[in-house]
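Report on the structure
Residue strings, one per chain:
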Amino acid sequence: MSSEELNIKRKMARQNGIVQPLLTDLYQITMAYAYWKSGKVNDVAVFDLFFRTNPFQGEFTIFAGLEECLKFLENFHYSDSDIQYLQQTLPENIEPEFFAYLKDLTCKDIRVSAIEEGSVVFPRVPLLRVEGPLIVAQLLETTLLTLVNFASLMATNAARYRMVAGKNVSLLEFGLRRAQGPDGGLSASKYAYIGGFDGTSNVLAGKMFNIPVRGTHAHSFVTSFSTLDDLHSVIIRHAETQNSCNLLELSIEWRKRVSAVIDISPEEASDGELAALISYALAFPSGFLALVDTYDVKRSGLLNFCAVALALNDCGYRAGGIRIDSGDLAYLSVLARETFESIAEAFKLPWFSKLTIVASNDINEETILSLNEQGHKIDTFGIGTHLVTCQRQPALGCVYKLTEINGQPRIKLSQDVGKVTIPGHKEAYRLFGADGHALIDLLQRSSEPAPEVGQKVLCRHPFQESKRAYVIPSKVEHLYKVYWKDGIIHTMPKPLHEVRQRVQSSLRTLRQDIKRNLNPTPYKVAVSDDLYNFIHDLWLQNAPIGELS
Ligand SMILES: Nc1ncnc2c1ncn2[C@@H]1O[C@H](COP(=O)(O)OP(=O)(O)OP(=O)(O)O)[C@@H](O)[C@H]1O
Ligand SMILES: O=P(O)(O)OC[C@H]1O[C@H](OP(=O)(O)OP(=O)(O)O)[C@H](O)[C@@H]1O
Ligand SMILES: O=C(O)c1cccnc1
Ligand SMILES: [Mg+2]
């Protein structure tokens, strides 16, 4: 692929028309006006975008959405109709000069540093650091949050499914019909792929993001046929000889032979289903994949599928496999595999035992874990609702907090210590242990020297004085790169398939106990001694002293 083609692909992958400056909360614009009126146009701010708790009762999160954030910054501009709308909508007393100011706003003076997309990330470590004019940086809040929150939640969810499924099964995302609207569906397909899914049924996602599209067929295709008379054409040309083959006659013949092998009477099988499968096989003879649970997997679907697959074999084609969408998926997949194996042996067709078994129907992490325990024979999971709606936890709580203004640190206090923000312009480092695993993420003030390999560094819990440890890192990773500066993308985000690989390589750096499903060990996030003292001094300065009476 030429670099120009690649560029076009990359541009398309970021195309999303509804992401624009008005896709925000009204309060960003009203604050912008109030900042503007109070002479804060030249104030310079630092905001951190971070979350406080990992989703899905886990102890890790996958960071995603960065590429879309950069695209948003690139296109940030209020159109004439945006300005008109704001003029009509905001109170009448707004000074017209404010609209002139808005009209010329761009992100040219904003600088965004971020963690690489696809990395494992942890609570309180900023994913994005946004620096620049206060008003512009404030105006970005909601849109950046909406771009990062769902993307990271979805990528994390998908990565969790990949972890429980193991690397030897295929995972297909089937969720568009159940997603939170069209845009939720499209994002879900993209970030499921990043998180480790192999393909999607969503055709637009396939086109826009260059994700493999896959699929089988629905029950309606089967139920639309009632008898063998519903078949109009039954002739297929042999793949090699080009001779005419009658797929109906061959299938009926094979159904008798298969029924003798698996001890199921052909009378019990549905003729409507056989007609449907023949019809689908005529349309897609190579890799024919059939839904077999419309009437009865054991007594009808498997028998009909095997008959058509063997008939296709006579015509020089190899079938692909089956999908099961109801019933006990462990039992039925084992039954299907045993059936394929018996046929492989009876008719000396070894490939038949390897036919693909796809399972779907309300599958989630727990179902996969349970199926693993029971010993299933499923090759591919098709997963929709639970994956794309993130049913187990529908939102990641990323927030966007002011940490510095005009060089002065800012802290947000809270009764809940976990919600106190970590002030100032900071850097984040990941320190690795001798065995190569990530040990701890360390936040420091940007003025401090970076930790060094082999040098002892004191890592402190940000809020609990007694919790601290020395770490001698065997590797130090500075987590931030500048992605946006001087009005252009400063570091090119990686293409989707590389972000997808990054997820897996980043997950490999985590110890198994941090990734396990049940009661995982929390990963440590610490602050330097300097930052610890800085936080607590500022805290004392800002916390009012009460008076008891
Ligand atoms: N062996 C299994 N172990 C654990 N969960 C399973 C197993 N087989 C299927 N499941 C899950 O159990 C649920 C079964 O769904 P449900 O009760 O709606 O039955 P169904 O098979 O869809 O029935 P119907 O025939 O009415 O469509 C699904 O969420 C499915 O993923
Ligand atoms: O179960 P999910 O994880 O959401 O996966 C997608 C579902 O969508 C399809 O059918 P649909 O559910 O629309 O109808 P059906 O199950 O009644 O056949 C498919 O057969 C799956 O069941
Ligand atoms: O292709 C499939 O089998 C499919 C696609 C979407 C939803 N359910 C199933
Ligand atoms: Mg369903």
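- Per an unreviewed UniProt entry, the protein chain goes by Nicotinate phosphoribosyltransferase and derives from Spodoptera litura.
- Quoted verbatim from the Pathway (unreviewed entry) field of the UniProt record, the comment on the protein chain reads "Cofactor biosynthesis; NAD(+) biosynthesis; nicotinate D-ribonucleotide from nicotinate: step 1/1."

Considerations on the overall build of the protein chain
- Secondary structure assignment for the protein chain yields 19 helices and 23 strands.
- Based on the C-alpha atoms only, the size of the protein chain along its principal axes is roughly 90 × 55 × 55 Å.
- Across the 549 residues that make up the protein chain, the buried fraction comes to 54%.
- Across the protein chain, 56 positive and 62 negative side-chain charges occur, with their mean positions spaced 5 Å apart.

Describing the environment of W36
- For W36, the position within the fold is in helix α2 (residues 26-37).
- Contact partners of W36, with chain neighbours within four places excluded, come to V41, E95, E97, F98, Y101 and I135.

Digging into the site of ligand 3
- Lining the immediate surroundings of ligand 3 are F174, R177, S201, G215, T216 and R323.
- Within the side chain of T216, one N or O atom sits 2.4 Å away from an oxygen atom of ligand 3.
- In the model, an oxygen atom of ligand 3 is placed 3.1 Å from a nitrogen or oxygen of the R323 side chain.
- Protein burial of ligand 3: of its 260 Å² of free accessible surface, 82% is covered by the chains.
- Looking at the shell around ligand 3 residue by residue, the class counts come to 1 nonpolar, 3 polar and 2 charged.

Observations regarding the nonpolar core
- Of all hydrophobic cores here, the largest spans 172 residues; its most connected members are L102, L140, F288, F305, F340, F352 and F381.
- A total of 13 residues in this core trace back to one element, the largest contributor, which is helix α7 (residues 141-165).
- Shared between two domains, this core holds at least three residues of each, these being domain 1 (3-158 + 394-542) and domain 2 (216-378).
- Setting aside anything within four residues of it in sequence, one finds F352 in contact with C306, A309, L310, F340, I343 and A344.
- Ranked by size, the runner-up nonpolar core spans 8 residues in total, among them Y429, I440, L442 and V457.

Examining the side chain of T421
- With respect to the element layout, T421 can be found in the loop between β15 (408-409) and β16 (426-432).
- Under the relative-accessibility criterion, T421 is labelled buried at 1%.
- With near-sequence residues (within four places) excluded, T421 lies in contact with F50, K401, R410, I411 and K412.

Here we look at the confidence of the model for the protein chain
- Residues of the protein chain with pLDDT of at least 70 account for 97%, and the chain-wide mean is 96.
- Prediction confidence for the complex, expressed as pTM and ipTM, is 0.96 and 0.97 respectively.

Observations regarding the packing of helix α13 (residues 297-314) against helix α14 (residues 329-346)
- Running from amino to carboxyl end, α13 crosses α14 at an angle of 40 degrees, the nearest separation of the two axes being 11 Å. The crossing of α13 and α14 is right-handed. Note on element contacts: α14 touches α13 through Y331, L332, L335, A336, T339, F340 and I343, opposite V297, K298, L302, F305, C306 and L310.

Side note on the packing of helix α11 (residues 247-262) against helix α12 (residues 271-283)
- One way to put it is that α11 packs onto α12 with a least axis distance of 11 Å and a crossing angle of 130 degrees. By the criterion of interaxial angle, the relationship of α11 to α12 is oblique. The element α11 and its partner α12 pack so that their crossing is right-handed. For the pair α11 and α12, the contacting residues are L247, L248, S251, I252 and R255 in the first and D271, L274, I278, A281 and L282 in the second.
- Taken together, the residues of the contact of α11 with α12 break down into 7 nonpolar, 1 polar and 2 charged.

Digging into the pattern of salt bridges
- Summed over the entire model, instances satisfying the criterion amount to 26 salt bridges.
- The salt bridge partner of R323 is D325, with a shortest N-O separation of 3.6 Å.
- Between E477 and R502 there is a salt bridge, with its nearest N and O atoms 3.7 Å apart. Note that E477 is positioned in strand β20 (residues 475-478) and R502 in helix α17 (residues 496-508), a separation of 25 residues in sequence.
- Note on E477: relative accessible area 22%, which makes it partly exposed.
- Here the salt bridges share partners, and the residues they tie into one network are E116, E477, K481, K494 and R502.

Regarding the site of ligand 2
- Looking at ligand 2, the residues that line it are F174, R177, R178, H219, R323, D325, N361, D362, I363, I383, G384 and T385.
- Here an oxygen atom of ligand 2 sits 2.8 Å away from a polar atom, N or O, in the side chain of R177.
- At 2.8 Å, a side-chain N or O of R178 approaches an oxygen atom of ligand 2.
- When ligand 2 sits alone it has 460 Å² of accessible area, and the protein chains cover 74% of it.
- Within the shell around ligand 2, the residues separate by chemical class into 3 nonpolar, 4 polar and 5 charged.

Observations concerning the sheet that holds strand β23 (residues 524-528)
- Taken together, the 6 strands give an open sheet; going across it, the order is β19-β18-β23-β17-β16-β20, and neighbouring strands pair in mixed fashion. Because the sheet does not close on itself, it has two edges, and the strands there are β19 (468-471) and β20. Along the sheet, successive strands turn relative to each other by an average axial angle of 35 degrees, direction set aside.
- Bridge count for strand β18 (residues 457-460) against β19 is 4 bridges, and the pairing is antiparallel. Bridged to C459 within β19 is A469.

How each quantity is defined
Residues numbered from 1 in each chain as written. Chains lettered and ligands numbered in written order. Predicted model: local features only at pLDDT ≥ 70, side-chain atom pairs only at ≥ 80, totals over all residues. Heavy atoms only, no water. UniProt positions renumbered as here; feature names shortened; annotations may be inferred. Helix = DSSP H or I, 4+ residues; strand = E, 2+ residues; numbered from the N terminus. Buried < 20%, exposed > 50% of the residue type's maximum accessible area, 1.4 Å probe, protein only. Lys, Arg positive; Asp, Glu negative; His and termini not counted. Charge placed at Lys NZ, Arg CZ, Asp CG, Glu CD. Contact = heavy atoms within 4.5 Å. Near = heavy atom within 4 Å. Polar contact = N/O pair within 3.5 Å; in protein donor to acceptor, adjacent residues only side chain to side chain. Areas by Shrake-Rupley, 256 points an atom, 1.4 Å probe, with all protein chains shown as cover. Nonpolar A, V, L, I, M, F, W, Y, C, P; charged D, E, K, R; others polar. Core = buried A, V, L, I, M, F, W, Y, C linked by side-chain atoms within 4.5 Å. Domains from an automatic or database assignment. pLDDT = per-residue confidence, 0-100. Axes fitted to C-alpha atoms, helices over the stretch in contact; angles between N-to-C directions. Left-handed = near helix turned anticlockwise from the far one by under 90°. Parallel < 35°, antiparallel > 145°, perpendicular 65-115°, else oblique. Salt bridge = Lys/Arg side-chain N within 4 Å of Asp/Glu carboxyl O. Pairing = 2+ DSSP bridges.

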